[in-house]
Amino acid sequence: MDEDSRIIVALDCDNRAAADDIVDRLGDECRFYKVGLELLTAVGPDVVTSLVARGKEVFLDLKLFEIPNSVAGAVRAAGALGASLVTVHGMGGRGIMAAAVDAARDFPALRILALTVVTSMTDEDLADIGVGNPAEEQVLRLARLADKAGCHGVIASPRDVAALRGALGAGALIVTPGVTLHGESPSEHARPGTPRAALSAGASHVVVGRTVTRATDPAAAFRLVRNSLAV
Ligand code: C5P
């Protein structure tokens, strides 16, 4: 067994059989899975407890944006399922992030990650909702707020990782989705947006979805990602 817990595989499926099939095929090599709103809503929380029972870590990507009392309740429920990471929206402000962090204290293995600006949002989208800052500035602003609220880290696009590592220091978790392998040569692996480039820039974890889960051979694709980190 040669695990690499820096790689989190996103189980973006709409049924349990498909999720189980990927986990079975990856076997002992993959230790960390992301369960998002699609899979959770389609199949229910048993998918989380089953993964934990198999010795896996679970990043439960709840993207919480609610009143603090409801955020706290959802975090406690995630902790009771055995999740290791839960996401909360930084745009909800310090109150909801602090509520999430407080609720996680009963679960020593549970860490709270803040989402700053959703990667699909442009400067124009931010202006539409009354945010005058460009996305890059807003990401840093919300990350600093998340840090003050006690969050254990942030979700960051490959583009923002380096600035966030500088702003948050060495201890913060920086989890980076939106990474893909462009090719198999070492130089390709160092290009922006690859898992290797994200980790080199300061990410603590990368989230890989379709690159692995839609591959004809998910285990081979996972190994390709893992080997790319060692190049
Ligand atoms: O694109 P891929 O299938 O690797 O996406 C895996 C996960 O990363 C998705 O569940 C999504 O939540 C997240 N993602 C993101 N921003 C992107 C691309 C993907 O947050 N630009």
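Above this note sits the structure.
Let me begin by describing the structure that accompanies this report. Everything numeric here is computed off the predicted structure, so don't read it as measured data.

What follows is about a negative patch on the surface. Judged by side-chain charge, Asp 123, Glu 124, Asp 128, Glu 136 and Glu 137 come together as a negatively charged surface patch. For the negative patch, the secondary-structure elements that each account for two or more residues are α6 (123-128) and α7 (135-148). Sort the elements by how many residues they give to the negative patch and α6 lands first, with three residues. Within the fold, Asp 123 resides in helix α6.

Moving on, we come to the nonpolar core. Counting 65 residues, the largest nonpolar core has Leu 26, Val 35, Leu 60, Val 75, Val 86, Val 88 and Ile 112 as the members making the most contacts within it. For this core, the element with the highest residue contribution is helix α5 (residues 94-104), accounting for six residues. Among all residues touching Ile 112, those that are not within four sequence positions of it are Val 75, Val 86, Val 88, Ala 100, Val 101, Ala 104, Cys 151, His 152 and Gly 153.

Attention shifts here to the site of the ligand. All residues in the neighbourhood of the ligand are listed as Ala 10, Asp 12, Lys 34, Thr 119, Pro 177, Gly 178, Val 207, Val 208, Gly 209 and Arg 210. Here a nitrogen atom of the ligand and a side-chain polar atom of Thr 119 are 2.9 Å apart. Take Arg 210: an N or O atom from its side chain is 2.8 Å from an oxygen atom of the ligand. With the chains in place, 71% of the 450 Å² that the ligand exposes on its own is no longer accessible. When each cavity is represented as a set of grid points, the ligand is found to reside in the largest pocket. Partitioning the shell around the ligand into residue classes produces four nonpolar, three polar and three charged.

The subject of this paragraph is unusual backbone geometry. Among all residues except glycine, the phi angle is most often negative; among peptide bonds, the trans geometry is most common. You will see that Lys 63, though not glycine, has its phi angle at about 50°, which is positive. Relative to the assigned elements, Lys 63 resides in strand β3 (residues 57-64). A relative accessible area of 33% means that Lys 63 is categorised as partly exposed.

Attention now goes to helix α4 (residues 68-81). Every α-helix carries 3.6 residues per turn, so stepping three or four residues along brings you back to the same face. Between its terminal C-alpha atoms α4 stretches 20 Å, which fits the 20 Å expected from 14 residues at 1.5 Å a residue. Every buried residue of α4 is accounted for by Val 71, Ala 72, Val 75, Ala 78 and Gly 79. Angular distribution of buried residues about the axis of α4 spans 125°; they occupy a single face of the element. Of the residues in α4, the exposed ones pointing more than 90 degrees away from the buried face are Asn 69 and Ala 80. Phi turns positive one or two residues past the end of α4, at Gly 82, with a value near 100°.

Two elements in contact, α7 and helix α8 (residues 161-168), have axes whose closest approach is 10 Å; the angle formed by their N-to-C orientations is 35°. Along this stretch, α7 crosses α8, giving a crossing that reads as right-handed. The residues of α8 that touch α7, namely those facing Val 139, Leu 140, Ala 143, Arg 144 and Asp 147, are Ala 163, Leu 164, Ala 167 and Leu 168. Looking at side-chain class alone, the contact of α7 with α8 contains seven nonpolar, no polar and two charged residues.

Take the packing of aromatic side chains next. Each aromatic ring pair is characterised by the separation of its centres together with the angle its planes make. This structure, assessed with the given rule, holds zero aromatic pairs. Between Lys 34 and the ring centre of Phe 59, over which it is positioned, the NZ or CZ distance is 5.8 Å.

The subject of this paragraph is a positive patch on the surface. There is a patch of like positive charges on the surface, built from Arg 94, Arg 141, Arg 144 and Lys 148. At three residues, α7 tops the list of elements feeding residues into the positive patch. Mapped onto the fold, Arg 141 is located in helix α7.

Taking strand neighbours around the barrel as the criterion, the eight strands line up as β1-β2-β3-β4-β5-β6-β7-β8 in a closed arrangement whose pairing is parallel. With direction set aside, neighbouring strand axes in the sheet form an average angle of 25°. Bridge count between strand β5 (residues 111-115) and strand β6 (residues 153-155): three bridges; the pairing is parallel. Bridged to Leu 113 within β6 is Gly 153.

The rules behind these values
Residues numbered from 1 in each chain as written. Predicted model: local features only at pLDDT ≥ 70, side-chain atom pairs only at ≥ 80, totals over all residues. Heavy atoms only, no water. Patch = residues over 30% accessible without salt bridge, like charges linked within 9 Å, V, L, I, M, F, W, Y side chains within 5 Å. Areas by Shrake-Rupley, 256 points an atom, 1.4 Å probe, with all protein chains shown as cover. Salt bridge = Lys/Arg side-chain N within 4 Å of Asp/Glu carboxyl O. Lys, Arg positive; Asp, Glu negative; His and termini not counted. Charge placed at Lys NZ, Arg CZ, Asp CG, Glu CD. Helix = DSSP H or I, 4+ residues; strand = E, 2+ residues; numbered from the N terminus. Core = buried A, V, L, I, M, F, W, Y, C linked by side-chain atoms within 4.5 Å. Buried < 20%, exposed > 50% of the residue type's maximum accessible area, 1.4 Å probe, protein only. Contact = heavy atoms within 4.5 Å. Near = heavy atom within 4 Å. Polar contact = N/O pair within 3.5 Å; in protein donor to acceptor, adjacent residues only side chain to side chain. 1 Å grid on protein atoms, 1.4 Å probe; cavity = no way out; pocket = protein on both sides within 12 Å on 5 of 7 lines; lining within 4 Å. Sits in = over half its atoms within 2 Å of the grid points. Nonpolar A, V, L, I, M, F, W, Y, C, P; charged D, E, K, R; others polar. Expected span 1.5 Å × (residues − 1). Arc of directions from axis to C-beta. Axes fitted to C-alpha atoms, helices over the stretch in contact; angles between N-to-C directions. Left-handed = near helix turned anticlockwise from the far one by under 90°. Phe/Tyr/Trp six-rings, centres within 6.5 Å; stacked < 30°, edge-to-face > 60°. Lys NZ or Arg CZ within 6 Å of the ring centre and 35° of its normal. Pairing = 2+ DSSP bridges.

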